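Spelled out, the chains give:
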Amino acid sequence: MPQLEAAPALDFQSETYKDAYSRINAIVIEGEDEATSNYVKLAELLPDSHDELIALSKMENRHKKGFQACGRNLKVTPDMEFAREYFAKLHENFQKAAEQGQIATCLVIQALIIECFAIAAYNIYIPVADPFARKITEGVVKDEYSHLNYGQEWLKAHFEENKAEIEQANRENLPLVWKMLNQVERDAATLGMEKDALVEDFMIAYGEALGEIGFSTRDIMKMSAYGLIG
Ligand code: Y39
Ligand code: FE
Ligand code: FE
Ligand code: FE
């Protein structure tokens with residue numbers, strides 16, 4: 001396979017690799033931790049789905065433990081302060097929406113945007129991961145599709161009354177993910193993950209989700225562009 005020959009071999013024990021891993025691993029651990037609490041919050045907001053959402057929350061907590069083990073396996077200390085800062089704005093937007101009972105906004109942030117970010121990152125990571133982390137990540141990514149599916153189904157079932165709110169949530173939060181991706185572009189590349197591939201996977205998953213929910217191709221184009229220009 002020419003792509004594999006062209007890529008420089010990764011040395012999982014090099015200081016360069018471990019330094020980049022201390023930030024990417026922390027982001028993933030923090031993301032899983034935030035997802036754990038976000039699904040608990042959603043379980044309160046959606047009593048009809050309470051047990052299902054608590055089950056998703058428990059999956060997120062298992063993911064967090066799995067990724068903590070990946071860091072330990074490489075003898076890397078995750079930079080959790082960096083990671084909390086990294087998620088601060090998205091975290092704040094989720095909290096604000098939850099306080100105001102904006103369920104659609106909460107679902108756009110966690111179950112669409114963050115899940116698609118996770119799906120893109122994990123799919124791109126799997127082929128370049130160390131063998132231990134690869135096994136863990138393969139198990140995790142399957143779960144993330146089921147989380148995305150939950151958000152998709154709810155938003156589809158409540159599409160008409162939430163269309164404007166979903167568009168607004170997209171406009172406010174998609175640019176944040178773009179900034180987040182740019183912020184770790186170099187670290188991701190050090191782990192063998194190319195930004196173009198991450199963007200492509202994200203846009204495919206996110207665009208497909210918006211289509212499932214009920215948006216037209218024209219809407220999806222417009223919403224994706226809002227993300228890019230902020
Ligand atoms: O639903 C979930 O499990 C999502 C919280 C996890 C987010 C993972 C965010 C991954 C970002 C990695 C950045 C690599 C370029
Ligand atoms: Fe938090
Ligand atoms: Fe997860
Ligand atoms: Fe998830």
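Everything below is about the structure shown above.
To start, this report covers the structure provided alongside it. Everything quoted here is computed from the prediction, not taken from an experiment. Each chain has its residues counted from 1, running along the sequence as written. Lettering of chains starts at A and numbering of ligands starts at 1, both following the order in which they are written. In keeping with the predicted nature of the model, local features appear solely for residues at pLDDT of at least 70, side-chain atom pairs appear and are counted solely at 80 or more, and the whole-chain, interface and lining totals rest on all residues. Computation of side-chain values: all heavy atoms of the structure, hydrogens and water removed.

So, the packing of aromatic side chains
Then comes step 1: Note on aromatic pairs: the rings of Phe, Tyr and Trp (six-membered ring only in Trp) are paired at centre separations within 6.5 Å, and the planes decide the class, stacked below 30 degrees, edge-to-face beyond 60, tilted for the rest. Taken as a whole and assessed by the stated rule, the structure comprises eight aromatic pairs.
Then comes step 2: With 5.6 Å between their ring centres and 80° between their planes, Tyr 86 and Phe 87 make a pair best called edge-to-face. For the residue pair Tyr 86 and Phe 87, the accessibility class agrees, reading buried in each case.
Then comes step 3: With 5.4 Å between their ring centres and 20° between their planes, Phe 202 and Tyr 206 make a pair best called stacked. Here Phe 202 and its partner Tyr 206 are both found in helix α9 (residues 195-213), four residues apart, which amounts to about one turn of the helix. Take Phe 202 and Tyr 206: they sit in the same class, and that class is buried.
Then comes step 4: Among the aromatic residues, those joined into a ring-pair cluster are Phe 12, Tyr 17 and Tyr 21. Remark: exposure states derive from per-residue accessible area (1.4 Å probe, protein chains only) relative to the maximum for the residue type, with buried under 20%, exposed over 50%, and partly exposed in between. Starting at the N terminus, helices and strands are each numbered in turn, a helix being any DSSP run of H or I of at least four residues and a strand any DSSP run of E of at least two.

Looking at the site of ligand 1
Then comes step 1: Around ligand 1, the structure places 15 residues, and the nearest of them are Gly 31, Glu 32, Glu 60, Glu 115 and Glu 144.
Then comes step 2: Here an oxygen atom of ligand 1 and a side-chain polar atom of Glu 32 are 2.7 Å apart.
Then comes step 3: Note that an oxygen atom of ligand 1 is positioned 3.4 Å from one of the side-chain N or O atoms of Gln 110.
Then comes step 4: We get accessible surface area from the Shrake-Rupley algorithm with a probe of 1.4 Å; when it comes to residues, only the shown protein chains can shield them. Taken by itself ligand 1 offers 440 Å² of open surface, and the protein chains cover 100% of this.
Then comes step 5: Cavities and pockets were defined on a 1 Å grid built from protein atoms only: a cavity is a group of points that admits a 1.4 Å probe but offers it no way out, a pocket is an open group of points flanked by protein on both sides within 12 Å along at least five of seven lines, and a lining residue is one with an atom within 4 Å of any such point. More than half of a molecule's atoms lying within 2 Å of a cavity's or pocket's grid points is what places that molecule inside it. Because more than half of its atoms lie within 2 Å of the grid, ligand 1 is assigned to the largest cavity.
Then comes step 6: Elements with a minimum of two residues in the shell around ligand 1: α2 (15-45) and α5 (103-125).
Then comes step 7: Sort the elements by how many residues they give to the shell around ligand 1 and α5 lands first, with seven residues.
Then comes step 8: Charged residues are taken to be Asp, Glu, Lys and Arg, nonpolar residues to be Ala, Val, Leu, Ile, Met, Phe, Trp, Tyr, Cys and Pro, and polar residues to be all remaining types, Gly included. Tallied by class, the residues present in the shell around ligand 1 amount to nine nonpolar, two polar and four charged. Proximity is defined per residue: if any heavy atom of the residue lies within 4 Å of a molecule or strand, that residue is considered near it. Two N or O atoms count as a polar contact when they lie within 3.5 Å, although within protein this holds only if one can serve as hydrogen donor and the other as acceptor, and sequence-adjacent residues are included solely when both atoms are side-chain atoms.

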